[in-house]
Amino acid sequence: MTAANDWEVVIGLEVHVQLATRSKIFSGASTAFGAAPNSQACAIDLAMPGTLPVANEQAFRFAVMFGLAIDAEIAETSVFERKNYFYPDLPKGYQTTQLEKPIVGPGHVDIQLPDGGHKRVRIHHAHLEEDAGKSLHEGDWQVNGRPMTGIDLNRAGTPLIEIVSEPDMRSADEAVAFARKLHSIVTSLGICDGDMSQGSMRFDVNISVHRPDTPFGTRTETKNLNSFKFMEDAIALEVERQIDILEDGGRIIQETRLYNGETRRARSMRTKEEANDYRYFPCPDLLPVVIDSQTIEAIRDSLPELPDAREQRFVEQYGLSEYDAGILGDEADMARFFEEVAKLCGDPKLAANWIMGELAARLNSTDTAIGQSPVNAGQLAGLIARIMDHSISNNMAKQVFDAMWKGEGEPDDIIEKRGLKQVSDAGALEKIVDEVIAKNPAMVQDYLGTDESKRKKKLGGFMGQIMKASKGQANPQQVNEILVRKLNDLL
Amino acid sequence: MHNQTLAQLSAGLAAGDYSSVELTRHFLSRIEQLDPAYNSFITVTAEAALTSAIAADEQRARGEVHPLCGVPIAHKDIFCTDGVRTSCGSKMLDNFVPPYDATVVANFAAAGAVVLGKTNMDEFAMGSSNETSWYGPVKNPWNTGLVPGGSSGGSAAAVAARLVPAATATDTGGSIRQPAALCGITGLKPTYGRVSRWGMIAFASSLDQGGPLARSAEDAALMLNVMASFDPKDSTCVDREVPDYTAGLNDSIAGLRIGIPKEYFDPGLNSGTEGAVRDALAQFEAMGATLHDISLPHSALSVPAYYVIAPAEASANLSRFDGVRYGYRCADPVDLRDLYMRTRAEGFGDEVKRRILVGAYCLSAGYYDAYYKKAQQVRRLIKQDFVEAFKSVDLVMGPTCPNPAFAFGSKGDNPVAMYLEDIYTIATNLAGLPGMSVPCGTVDGLPVGLQMIGNYFDEARMLNVGHRFQQVTDWHNRTPEGINP
């Protein structure tokens, strides 16, 4: 895809994924989110003198799982290095990361494009590293009248994998599709909780523009985007900025930029000239980590189902369209929800329709994750079951769903309480039909005088009155049968 | 009591000749009386020592105890001690009280040893003379106008002056062996990975190794029995059974093949030192060992390689001292940059700053390949020299250092001259091999050290050879004047 005036956009992503290990990458402290500041930072995380790191085996397992999921080569030997820079939320004065020998080598991720096509995005590598702590500038701490910054080291040492893509994306849509796909892979693997609001996935976007068939332009990096929406906006903004500069005859400066999602503006953080010299060197406190092929194969054998395979299975097992399977099978939580509803109600297609229709609309409009849905799978399946046994009509079902969303409880209770039950009692229905026929001789004459092939159209008037008389609770199919039978009897 | 060895004191406690409390009081009073002249202790923990002495006596009264139960020792102030200030010889950590014990410290506590205090050292273990300590230099008990060596000068001087029977120390480029040689005592740097580095404040992580300073090889063996352990908290610690290092002390050394590297007898070697070392070699020959001329061709490169690798690692290891979480913080910083700059400018001494600058330079973009990477290549060659040598010999022997103790300030203006004091000791750290220094003579009344370099994890053999040598010589029993015999 090309942008305005034949500019081609080139995008590469660096994605930080917090691994869902219980303890930190080099210490035994907890990684749980939201604890009181510095309550989950042990002597190692605080970089107390004489403390030493010990690598978390689970973090390696998770990294290997990711590598296998993207069909990458797993390094038999990977090496941690020290990346040196001073910052108060970096207690050791260096970040322990991987540079020359990362755990995950080149791989690839296939994405589905909005136009239905597919694209392969190459992964350059993925490496393990530790997260830094957080600097809190918002507090009103003061010393000698000067404002102070708080440091919370709970996050320091949280294991990350940084996934570095090749510059294979050509639009914001592709970049977002790639980011979503990564999100679905890491959550399906269970190696990341995927909670973007807590920073579990963060994106650095490298963007350049150029004319097709010319070398790539100078790129900028927009750092630390923590939602798909911000990413989309930030890319659009940066592409526009770069094209404006180039069309005015200017040139792009290689720099790191920060995007503010609230103001929807970006600013330069530092240029290449101001960049740190990180003085990387292998960390002497950690031996090279060797993973043998047996271990790798054992991990491969224990991999959970991945999104691509799951979507294929949904098509085959449930008869879903490829499009529906893509929506329902992409995310592990959504897939789990769908399969539970389908199993409980016994009709996968109805389950799919309700989830992608009513439920998805509510989730999207309230920005709610499927895992936090107020309507659980059991409740939705119960509702669908009442539609299937004709207890309620589709319209009634929407009312019941609305009530469930508001937390009013189980579908059967709501149907009961609101008196929504469809009237299927033949005796009661015949009585209503008889009354309506008796009250409307003109309509009856009209019906009887109409040519047989067109009589069906004349039923609407009767139906409306019957439904009104039954306060909407009559089973329409049944009413239809009775009505036709009784009218035909008059012929 | 203070002239007895650790082994004798252990036996004396077992026999009930004296209690741990008596021993502890005796050594504490010696420290109080004599240490002002040597400055070998930074912190004396008299009260805690007496408390643990009482506990040790009670434990002994109840029955089976560790041989070192109730025996006084001291820790180099580089080992973190729970609740006791651990300064690393630096203003930067003058106020630092760790909330945890180093594994080495915990091991001695578990054995029931009584810790008298924390010994002086070169700042962050950077120095060969103890002149870089923020707490002032340690004086050599053989002549208080001379340096005791470094960086474990406090531990070495305290043992030599009989202020403590034995002490822990660390060795990054010679910091156990060189002060042992200059103070006339026995010091062992074990194989890298033998002793846990947890809680031992890092200078150069790939070279640092804890070990004992003691009066004799036998005492060093008793100390190493406690110091050596596998520690899952140190990823570089080797999971290998710890033998009883005293078990083979008396084994015969007949047939021992000793390699004499020609590079260790270079023109820089003091002739008196060389004479003493050659005499010792002749003694070994008389005991049935055979001498073999060998070559360690890359020896000359060990000092330059070391002074790239050690500062490079140190430059990162010392970044944590930033005034943010613990330790020294400059007064009233105006902003972050000011906090960093003044904290580190005021908290570190000159030698530490010099090494941080050298290390950062060697790692910086454009210089990494020429310095750090090249130095690592040299390091592999040096290791290979030893691997080759140990195919035909059991031990390598030579001088521990080129000269006996030198005067304060004599190398102050010339860091390179100071660095060359470690010329014979550095290679073993680069190779990760064990090295040991035993007293083997005197020059102008000053002690001379004989260095043994062993194969990986061959500490037991080195202690055996050292012990047998000390059975037939008395250099290790010589005491400085003024240390009432």
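### Comments concerning the sheet that holds strand β13 (residues 220-225) of chain A
Residues and elements named next belong to chain A.
Move 1: The strand order across the open sheet built from eight strands is β5-β6-β11-β1-β12-β13-β14-β15, with neighbouring strands paired in mixed fashion. This sheet does not close on itself; its edge strands, each paired only once, are β5 (107-112) and β15 (265-271). Pairs of neighbouring strands in the sheet enclose a mean axial angle of 30°, with direction left out of account.
Move 2: Looking at chain direction, strand β6 (residues 118-130) and strand β11 (residues 159-165) are connected through seven bridges and run antiparallel. Across the sheet, histidine 125 pairs through a bridge with valine 164, a residue of β11.
Move 3: Strands β1 (8-18), β5, β6, β11 and β12 (201-210) of the sheet are contacted by helix α2 (residues 172-189), whose axis makes an angle of about 115° with β5.

### Some thoughts on the domain arrangement of chain A
Move 1: What the domain assignment reports for chain A is domain 1 (4-298), domain 2 (305-418) and domain 3 (426-489).
Move 2: Distance between the C-alpha centres of domain 2 of chain A and domain 3 of chain A: 35 Å.

### Some points on empty space enclosed by the protein
Move 1: The final tally for this structure, using the stated rule, is five cavities of 30 Å³ or more.
Move 2: There is about 190 Å³ of room inside the largest cavity.
Move 3: Its residues assigned to classes, the lining of the largest cavity shows nine nonpolar, four polar and seven charged.

### Looking at the packing of aromatic side chains
Within a pair of aromatic rings, the relevant descriptors are the distance that separates the centres and the angle that separates the planes.
Move 1: Under the definition given, this model contains 30 aromatic pairs over all chains.
Move 2: Ring plane angle 85° and centroid distance 5.8 Å describe the contact between A:Phe60 and A:Phe80, whose orientation is recorded as edge-to-face. Within this pair, whereas A:Phe60 is found in helix α1 (residues 57-69), its partner A:Phe80 is found in strand β3 (residues 80-84), the two being separated by 20 residues in sequence. Like A:Phe80, A:Phe60 is buried.
Move 3: Over the ring of A:Tyr278 we find A:Lys83; its NZ or CZ atom is 4.4 Å from the centre of that ring.
Move 4: The lysine or arginine in question, B:Lys411, covers the ring of B:Phe406, its NZ or CZ lying 4.8 Å from the ring centre.

### Observations regarding helix α7 (residues 332-345) of chain A
All names here are of chain A.
Move 1: For α7, spanning 14 residues, the distance from its first C-alpha to its last is 20 Å, which sits close to the expected 20 Å at 1.5 Å a residue.
Move 2: Along α7, the residues that are buried comprise Ala332, Met334, Ala335, Phe337, Phe338, Val341, Ala342 and Cys345.
Move 3: In the stretch just after α7, glycine 346 is the one whose phi turns positive, near 85°.

### A look at the environment of B:Val378
Residues and elements named next belong to chain B.
Move 1: Relative to the assigned elements, valine 378 resides in helix α12 (residues 369-389).
Move 2: Remark: the alpha-carbon pair of valine 378 and tyrosine 306, spanning 72 residues in sequence, is separated by 9.5 Å.
Move 3: If we ignore the near neighbours within four places in the chain, the residues touching valine 378 are Leu301 and Ala305.

### Here's the deal with the pairing of strand β8 (residues 290-294) of chain B
All names here are of chain B.
Move 1: Pairing of strand β7 (residues 257-261) with β8 involves five bridges; the strand directions are parallel. Across the sheet, residue isoleucine 258 finds its bridge partner in β8, namely leucine 291.
Move 2: Taken together, β7, helix α8 (residues 271-286) and β8 constitute a β-α-β crossover, and its handedness is right-handed.

### Describing α8(B)
All names here are of chain B.
Move 1: Over its 16 residues, α8 extends 22 Å from the first C-alpha to the last, a length consistent with the 22 Å expected when each residue adds 1.5 Å.
Move 2: Among the residues of α8, Thr273, Ala276, Val277, Ala280, Leu281 and Phe284 are the ones counted as buried. Viewed along the axis of α8, the buried residues span an arc of 140°, placing them on a single side of the element. Those residues of α8 that are exposed and aimed more than 90 degrees away from the buried face are Ser271, Asp279 and Ala286.
Move 3: In the core, the buried residues of α8 are packed alongside β7, β8, β9 (395-399), β10 (435-443), β11 (446-454) and α15 (459-472).
Move 4: The N-terminus of α8 is capped by asparagine 270, whose side-chain oxygen sits 2.7 Å from the backbone nitrogen of glycine 272.
Move 5: Of the residues one or two after α8, glycine 288 is the one with positive phi, at around 105°.

### Describing the interface of chain A and chain B
Note: interface size is frequently given as the accessible area lost on complex formation between the parts.
Move 1: Every contact between the two is made by 32 residues of chain A and, on the other side, 41 residues of chain B.
Move 2: When residues of chain A are sorted by the area they lose upon contact with chain B, A:Pro49, A:Leu52 and A:Phe86 head the list and together hold 22% of the total.
Move 3: Counting the contacts that link chain A with chain B gives one salt bridge.
Move 4: Between A:Asp285 and B:Arg197 there is a salt bridge, with the nearest N and O atoms lying 3.0 Å from each other.
Move 5: Those elements giving two or more residues to the side of chain A that touches chain B turn out to be β3 and β16 (281-282) of chain A.
Move 6: Its residues assigned to classes, the side of chain A that touches chain B comprises 21 nonpolar, five polar and six charged.

### Re the layout of surface pockets
Residues and elements named next belong to chain A.
Move 1: The calculated volume of the second largest pocket comes to roughly 2200 Å³.
Move 2: Around the second largest pocket, the lining comprises 50 residues; the ones closest to its centre are Arg180, His183, Phe228, Asp330 and Glu331.
Move 3: For the lining of the second largest pocket, the element with the most residues is α2, which contributes seven residues.
Move 4: Looking at side-chain class alone, the lining of the second largest pocket contains 19 nonpolar, 15 polar and 16 charged residues.
Move 5: For the lining of the second largest pocket, the domains that each give at least three residues are domain 1 (4-298) and domain 2 (305-418).

### Re the nonpolar core
Move 1: The biggest cluster of nonpolar side chains holds 146 residues, and the ones touching the most others in it are B:Phe108, B:Phe124, B:Phe284, B:Phe321, B:Phe386, B:Met397 and B:Leu463.
Move 2: Excluding anything up to four places from it in sequence, B:Phe386 contacts B:Tyr264, B:Leu296, B:Ala427, B:Ala431, B:Leu433 and B:Ile453.
Move 3: Formed by 67 residues, the second largest nonpolar core is a distinct cluster that contains A:Leu128, A:Ile163, A:Ala177 and A:Ile299.

About the criteria used
Residues numbered from 1 in each chain as written. Chains lettered and ligands numbered in written order. Predicted model: local features only at pLDDT ≥ 70, side-chain atom pairs only at ≥ 80, totals over all residues. Heavy atoms only, no water. Pairing = 2+ DSSP bridges. Helix = DSSP H or I, 4+ residues; strand = E, 2+ residues; numbered from the N terminus. Axes fitted to C-alpha atoms, helices over the stretch in contact; angles between N-to-C directions. Contact = heavy atoms within 4.5 Å. Domains from an automatic or database assignment. 1 Å grid on protein atoms, 1.4 Å probe; cavity = no way out; pocket = protein on both sides within 12 Å on 5 of 7 lines; lining within 4 Å. Points joined across faces, edges and corners; volume = space filled by probe spheres on them. Nonpolar A, V, L, I, M, F, W, Y, C, P; charged D, E, K, R; others polar. Phe/Tyr/Trp six-rings, centres within 6.5 Å; stacked < 30°, edge-to-face > 60°. Buried < 20%, exposed > 50% of the residue type's maximum accessible area, 1.4 Å probe, protein only. Lys NZ or Arg CZ within 6 Å of the ring centre and 35° of its normal. Expected span 1.5 Å × (residues − 1). Right-handed = clockwise from strand over helix to strand, strands pointing away. Arc of directions from axis to C-beta. Polar contact = N/O pair within 3.5 Å; in protein donor to acceptor, adjacent residues only side chain to side chain. Buried area = accessible area lost by both parts, 1.4 Å probe. Salt bridge = Lys/Arg side-chain N within 4 Å of Asp/Glu carboxyl O. Core = buried A, V, L, I, M, F, W, Y, C linked by side-chain atoms within 4.5 Å.

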